[in-house]
Amino acid sequence: MAERKPDFMRTGILFKLVDTEMASTIREDLAHQRSLDRSEKGPAIAALRHSLRFIVTVLPLFMDSILEGLKMGQNDIKMAFRNFRKYKEYSFLNLIGLAAGLAAFLLISLYVQYEWSFDKYHENAARIFRVVRDKSAGNAAGSIKSAVTPAPLAPALVKEFPEVVSATRFVIVPRVLVAQGNEHFLEQEVFAADPQTFDIFSIPFLKGDPRTALQDPSAIILSERTAVKYFGHDEPIGRVLTAFDGSAFKVAGVFKNMPGNSHFIMDVIIPYETYFKFIRSSTTNWGSNFSYTYLLMRTGGNPQAFEKKLDAFLDKYMDTSQNVPSSAKTTLSLQPLSKIHLTSHRDREMAANNDIVYILLFSSVAVLFLLIACINYMNLATARSARRGREVGIRKVVGAVRGQLIKQFLSEALVMSTLAMMVSVIIVLLALPAFNRLIERHLTFNPAADPLLFIELIGITAFVGLFSGGYPALAISALRPIAVLKGVFAKSAKGLALRNILVVVQFSITIIALVITFVARNQMQFVKNRDVGYDRNQIVILEADARAVVRNIQAIKTALRSYAGIVSVATSHLLPNNINEHTTARWPGSQPEEQFPIYYNMVDYDFADLYGIKIVQGRNFSREFPSDEKGAFLVNETAVKTGGWASPIGRELIHWEGKTGKIVGVMKDFHLRSLHQPIAPLYIVLDPGRFSYISIKIQSDRIPEVLKVIKSVMTKYSPAYPFEYTFFDDVFARAYQTEQRMMAIFGMIALLSVIVACLGLFGLASFAAEQRTKEIGIRKVLGASNAKIFALLAREFLKWVLLSGVIAWPAAYLITQKWLQNFSYHVRLSAGVFVASLAVAFMIALMTVSSQSIKAALAKPINSLKYE
Amino acid sequence: MNFLSRIEETLLLSIWKLRDNAYGITIREQVEKDTGIRWLSGAIYAPLNRLKKNGYVASRPAKEAGEYGGRPRIYYTLTPRGKEKLAFLQTVTCALWAGVPSLRDEFGGK
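Residues numbered from 1 in each chain as written. Chains lettered and ligands numbered in written order. Predicted model: local features only at pLDDT ≥ 70, side-chain atom pairs only at ≥ 80, totals over all residues. Heavy atoms only, no water.

### Let's talk about the overall build of chain A
Check the secondary structure of chain A and you find 28 helices and 23 strands. Each principal axis of the C-alpha atoms in chain A carries an extent, and together these give about 105 × 90 × 60 Å. Within chain A, buried positions represent 52% of all 868 residues. Sequence-distant contacts, at least 24 apart, represent 79% of the contacts inside chain A between residues at least 6 apart. Taken as a whole, chain A presents about 39400 Å² of accessible surface, with 60% of it coming from carbon and sulfur. Distance from the positive charge centre (96 side chains) to the negative charge centre (71 side chains) of chain A: 10 Å. (Helix = DSSP H or I, 4+ residues; strand = E, 2+ residues; numbered from the N terminus. Buried < 20%, exposed > 50% of the residue type's maximum accessible area, 1.4 Å probe, protein only. Contact = heavy atoms within 4.5 Å. Areas by Shrake-Rupley, 256 points an atom, 1.4 Å probe, with all protein chains shown as cover. Lys, Arg positive; Asp, Glu negative; His and termini not counted. Charge placed at Lys NZ, Arg CZ, Asp CG, Glu CD.)

Encoded structure:
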C-alpha cells in the first residue's frame, strides 16, 4: 500500500504530543481523507493537502501541551524561589555572575550589530557600489589605494555600460562658512553632489522634490537638523543662504537626518557642477581625483563581470587625456556599499572606518562571555550537589522519577536566568550612556518598544537557562539515593575534573583579555612616544578658511611672529602626520618605467624648520636662493631610494601642476601617515601661496596669552569666521582613535571577565572549604598550622590558574601578533606582558580564594567536628 | 458542574449517537453532518484529546487490523463520567431553550 511509506518524523511528532491510541486515530483519519483526495484530485494535490492537514492538526495539540506544561511548571518555580531564599549567598553570587556576563554579552552584541548594520538601510543597498581607484607602481613596490576618483568617471560609466542604472558623485568641501542674514555658521562638511544621489540612496525628503531639488545650479538642500539650525521652525523652502564668498543659494529641499550608521552623513548639499564652477575646475578632467563615485547596478547585474570590463574602459577614456603619463597603472574596482564601513581602509576615506577584524574579535568575545557566565552557573550548581544531593535522595526515595527532578533543576536554572536577564537589562540601561561615549556611537536599547529585541532576549534567557542548567540537572538527578543519603558524594573524580576544566577555561579567557589589553596599551604608548621624525608639541594648528587669510598671509605671519610667545609660523597644504595626496614622480625626460607613485605636500620656507624635519643632504628652502621661488623640491630618503638616484641634489622634478624645479635637499624619513602604513616616497614643494593649514610654534609657558594674540590677529583678517584652533598633538592622536577605542573596550572586557571569573572562583572556594570542614578540623587537631591549612585550600585552585596561563599564552600570542600586523611599525611582543597578565590573574584569584580559605583555616576545630 | 466548550459538547454528543461505531473518521463526519460545516482535523482532535485526558471518553482498539497501515482502529465510548456530563448538558440546554418559539422560520436555520 502507498501508506506503507509513513513519514517517521511526522509520526514522531504525533507520538510526542498524544498517546498511541489517539495517534492511531488521527493517522487513520488523515490517511482516509488523503485517499479521498487522491481519487478526486490526484496524488500530488493529495500529498500537499495531507501535509497541510497534518500541520493544522498538530498545532492545536501542541498548544494544548504547552498550556499543560505551564500549569505543571508552577510548582517547580515555587520550589526554585524557596531554594534561592534558602541559599541566599550562593544564589546572589550566581545571579550577579550570570547578570554581569549577560550584560557584557548584550552590550557587545549591540555594538557589533550596529557596526554590521552600516548603510544597510538603503533600499538598494545590495546594488550600490563605490568605485575606487588603485594606482600600482611602475618600478617601486606598493600601490596607492584611494577612495577618490576623477570627476568624469560617473557620467562615463552610465554612458558606457547598460548595467549601470545610475551614478552619482560627491565632493566633500570642508569647513564652509554659511551665512543666513547676519548669522554665520561654519559647516564642517558641505557635500557637492549630483541630482542622481536621491535615486540611488534612500534619503527621504520632508520638503521639496528629490527629483528636481538639485537641478537648479543655485539650489541648496539641508538636513532636518540643519534647516532647524538656520531657520528655526520657519518654512525653509525658498529661503536664501550665502556661502563661498557671497554666492546665494536657495533652499530647495529638506531631507530626514541620515542615521548614524552611515559611512557618510550629509547635512548640506549643493549641486556638484556649481561647486566646480566655484573652484574654476572642469568636471571633464580625468587627471584630478577628488570625487567619490557611487553607482547603482541594474537588478541582476554581475559586479564581478562588470569590474573586469573596467580596464578596457579606462584605457579608452584616460589615456587620451593629457595629464596621465606613465606605467603607474590605474585600475578601478567596486566596493559593495554595505562593506565599506568595515573593510575599506583607503586614502581619503569619508570617515574613520571600523575594521572587521575588531568586529569579529568582539563577536567572539561576546559569545565567550555568555559561555563564561553559563559555565559559572554550572560550576556552582554542580559544586553544590553536596547539599542538593540530600534533597534529591529524599525525593527519589519518596518516588520522584528522574524526569521530574531534571525538570525541577531546569526550572530553577530558567528562573535564575530570567532574574539575571532582568538585572542585566537594568545594567545595560544604566551603562549604555557611558558605553556610548566610550565607543562614540548612539546605540539604543529599548526592549519594551522593540518586539524583535524582546523576543531575542527571551530566546537568550531560555538558552542560558537550558544550557547552564542542563548539565547540573543531569548530574544531580543521577545521584543514587543510598549513596547521597549516607553522605558519600561530590568526590567523584569526574565532577572534580570538570569543575577544574571550567576554572581553567574561565581564567584562560581572562588572561587572553588581559594580554590583549596590555599589548594594546604598549602599542599606543609606542605610538605616542615614537620619534616620528617631526615635532608634535607646542604647535597650534589653524585651518585657513577665508580667502582674506590666504591673501594676507604675509601680514598675518609678520604680525604673529612679532609676538615674543610665538617661535615661528609656517603654512602648508597638508600637515606632516597625514600626507594623503599623491601623484606620479616625473622629471624631464623620465621614462614611464622609471616613474613611481609619490606623495606630495606644498609648504612655505618655514615648514621644515618649524616641524624639526631634519635635512640629511643639501639644504632647506631658503629665501637666500631666489631660484627656490620658481620651483624647489625636498624629497625624503625613501624617494631617493625608490628612484635609485645616486646624487639627488640638483635633479629636476615636475610637480603635478606642471611646475618644474630642482631638488635642493633630502629630508630624513618621517612618518608621513599613521604608523599603520609604511613610509612612502614623498616630495615637498615650495609654494607659499597654496595652503590650508597655518602651524604656529609657541612657547609652552604662555599658552593662554598666545592664544589670545592669535585670536586677535585672525579675527582682524577674517572677522566672519569663528576662531577655532587645535593642538597638533591632538590632531596626531586622532589617527589612532579606532585603536584607542578598541583598547578601552578591551580594558572593560578584561575587567568584566575578571569579575565574573572571580565570582565563580569565590563560590567554588567557599564550597570546597565547606565540604572539607571536617578534614580541616581533624588536620588542626593533629597539629596542622593555620598557614598549612590555608596553603592546602588555596593550592587546589591556584594551580589551575597557573595552568590557564600556559593555555592562554599561545592563543593570546596569535591574536596580538595578528593585531600588531595592522601597524607597519609596532612594538615587539615581550614575554613580560604575558607574565604580567598571568600574575594579575593569579593575584586576583589568590585574593578571591584567600578570604574563604583563611576563614576555614582559622575556624575552631571544635566547631567543625561537632557539626553533625 | 462545569460546562464544556461547545466543540467538546458536540463531540460527546456525536460519540453517544454513534454508539458502537465511534472512531476518528465517523466522529468527524458526524460532527460535520450535524453542524453542516467542514471541520479541520485539528479542531476535532485537540478537543477529543482533552476529553480523553479528563476522563469523559474512553478508547479501545478493535480486534482486527484496520484499513490504513494495518493498525487496529481505535473506537471511542463515553465513560460514566462522560455520560453524566452529557445528561447534565442536556438538562441545561433543554432548560435554556424551553419556551423559546421557533426562530427557524423567521431567520433560517442554516
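### Points about empty space enclosed by the protein
Residues and elements named next belong to chain A. Applying the stated criterion to the full structure yields seven cavities of 30 Å³ or more. A volume near 150 Å³ is recorded for the largest cavity. Every residue lining the largest cavity is counted, 14 residues in all, and those nearest its centre are Glu543, Met714, Ser718, Tyr721 and Pro722. Along the walls of the second largest cavity sit Tyr377, Ala381, Arg384, Arg388, Phe409, Glu412, Ala413, Gly469, Pro472, Ala473 and Ile476, which together make up its complete lining. Of all the secondary structure elements, the ones that give two or more residues to the lining of the second largest cavity are α12 (356-383), α14 (402-439) and α15 (451-477). It is α15 that provides the largest number of residues to the lining of the second largest cavity, a total of four residues. Here the lining of the second largest cavity is composed, by residue class, of seven nonpolar, one polar and three charged. (1 Å grid on protein atoms, 1.4 Å probe; cavity = no way out; pocket = protein on both sides within 12 Å on 5 of 7 lines; lining within 4 Å. Points joined across faces, edges and corners; volume = space filled by probe spheres on them. Nonpolar A, V, L, I, M, F, W, Y, C, P; charged D, E, K, R; others polar.)

### Notes on the packing of aromatic side chains
Residue and element names in this part refer to chain A. For the structure on display, the rule yields 44 aromatic pairs over all chains. Pairing tyrosine 230 with phenylalanine 231 gives two aromatic rings, centres 6.3 Å apart and planes at 50°, and the pair type is tilted. Looking at tyrosine 230, the relative accessible area reads 4%, which means it is buried. With 5.5 Å between their ring centres and 35° between their planes, tryptophan 286 and tyrosine 317 make a pair best called tilted. (Phe/Tyr/Trp six-rings, centres within 6.5 Å; stacked < 30°, edge-to-face > 60°.)

### Let's talk about the packing of helix α5 (residues 153-160) of chain A against helix α10 (residues 310-318) of chain A
Angle between the axes and distance between the axes are the two parameters that describe a pair of packed helices. Residues and elements named next belong to chain A. Remark: α5 packs on α10, axes separated minimally by 12 Å, with the N-to-C direction vectors making an angle of 115°. For the element pair α5 and α10, the recorded crossing hand is right-handed. Contacts from Leu153, Ala156, Leu157, Lys159 and Glu160 of α5 reach α10 at Leu310, Phe313, Lys316 and Tyr317. Of the residues belonging to the contact of α5 with α10, the class tally is six nonpolar, no polar and three charged. (Axes fitted to C-alpha atoms, helices over the stretch in contact; angles between N-to-C directions. Left-handed = near helix turned anticlockwise from the far one by under 90°.)

### Points about the interface of chain A and chain B
Facing 26 residues of chain A, the contacting portion of chain B comprises 25 residues. Taken together, the two surfaces of chain A and chain B that pack against each other cover about 2300 Å², and 51% of this comes from carbon and sulfur. Per-residue buried area on chain A facing chain B is highest for A:Glu21, A:Met22 and A:Glu28; these three make up 26% of the total on that side. Where chain A packs against chain B, one counts five salt bridges. With its nearest N and O atoms 3.8 Å apart, the salt bridge here joins A:Glu21 to B:Lys52. Taken together, the links from chain A to chain B amount to eight residue pairs in polar contact (both at pLDDT 80 or more). Breaking the side of chain A that touches chain B down by element, the ones donating at least two residues are α2 (20-41) and α3 (43-86) of chain A. Here the element with the most residues in the side of chain A that touches chain B is α2(A); it accounts for 13 residues. Along the lines of polarity and charge, the residues of the side of chain A that touches chain B split into 10 nonpolar, six polar and 10 charged. (Buried area = accessible area lost by both parts, 1.4 Å probe. Salt bridge = Lys/Arg side-chain N within 4 Å of Asp/Glu carboxyl O. Polar contact = N/O pair within 3.5 Å; in protein donor to acceptor, adjacent residues only side chain to side chain.)

### What to know about the state of the cysteines
Defined simply, a disulfide is a covalent bond joining two cysteines at their sulfur atoms. Residue and element names in this part refer to chain A. Counted under the stated rule, the structure contains zero disulfides over all chains. The thiol sulfur of cysteine 758 is not disulfide-bonded, and the nearest other cysteine sulfur, from cysteine 374, lies at 19 Å. Given a relative accessible area of 12%, cysteine 758 falls into the buried group. (Disulfide = S-S within 2.5 Å.)

### Observations concerning the pattern of salt bridges
All names here are of chain A. This model, assessed by the stated rule, comprises 35 salt bridges over all chains. A salt bridge links arginine 239 to aspartate 234; the nearest nitrogen and oxygen atoms lie 4.0 Å apart. Taking relative accessible area as the criterion, arginine 239 reaches 29% and is therefore assigned partly exposed. Its salt-bridge partner being lysine 697, residue aspartate 535 comes within 3.7 Å of it at the nearest N-O pair. Linking aspartate 535 in the loop between α17 (493-529) and β13 (539-543) with lysine 697 in strand β22 (residues 693-698), this pair joins segments that are 162 residues apart in sequence. A residue is classified by how much of its surface remains accessible, and aspartate 535, at 33% relative accessible area, is partly exposed. Residues participating in the shared-partner salt-bridge network are Lys557, Arg561, Asp604, Asp606 and Arg623.

### Side note on helix α1 (residues 6-18) of chain B
Residues and elements named next belong to chain B. The end-to-end C-alpha distance of α1 is 18 Å, a good match for the 18 Å that 13 residues give at a rise of 1.5 Å each. Buried positions along α1 lie against α2 (24-35), α3 (41-53), β1 (57-65), β2 (72-78) and α4 (80-97). Once α1 finishes, arginine 19 follows within two positions and takes phi at roughly 55°, a positive value. (Expected span 1.5 Å × (residues − 1).)

### Some thoughts on unusual backbone geometry
Within the chain, A:Asp119 stands out as a residue other than glycine whose phi angle is a positive 65°. Considering the arrangement of structural elements, one finds A:Asp119 in the loop between α4 (88-116) and β1 (128-135). The phi dihedral of B:Arg19 falls on the positive side, at around 55°, and the residue is not glycine. Note that B:Arg19 resides in the loop between α1 and α2.

### Some details on the confidence of the model for chain A
All names here are of chain A. When pLDDT is averaged across chain A, the result is 86; 95% of the residues are at 70 or more. Across residues 1-6 the pLDDT falls below 50, and counting only partners more than four positions away or on other chains, this stretch makes eight contacts in the model. Scored below 50 in pLDDT, residues 320-325 makes seven contacts in the model with residues more than four places away or belonging to other chains. (pLDDT = per-residue confidence, 0-100.)

### Re a nonpolar patch on the surface
Together, A:Leu48, A:Leu52, A:Ile55, A:Leu59, A:Phe62, A:Ile66, A:Leu67 and A:Leu70 give the surface a local cluster of nonpolar side chains, amounting to about 790 Å² of exposed area. For A:Leu52, a relative accessible area of 52% corresponds to the exposed category. (Patch = residues over 30% accessible without salt bridge, like charges linked within 9 Å, V, L, I, M, F, W, Y side chains within 5 Å.)

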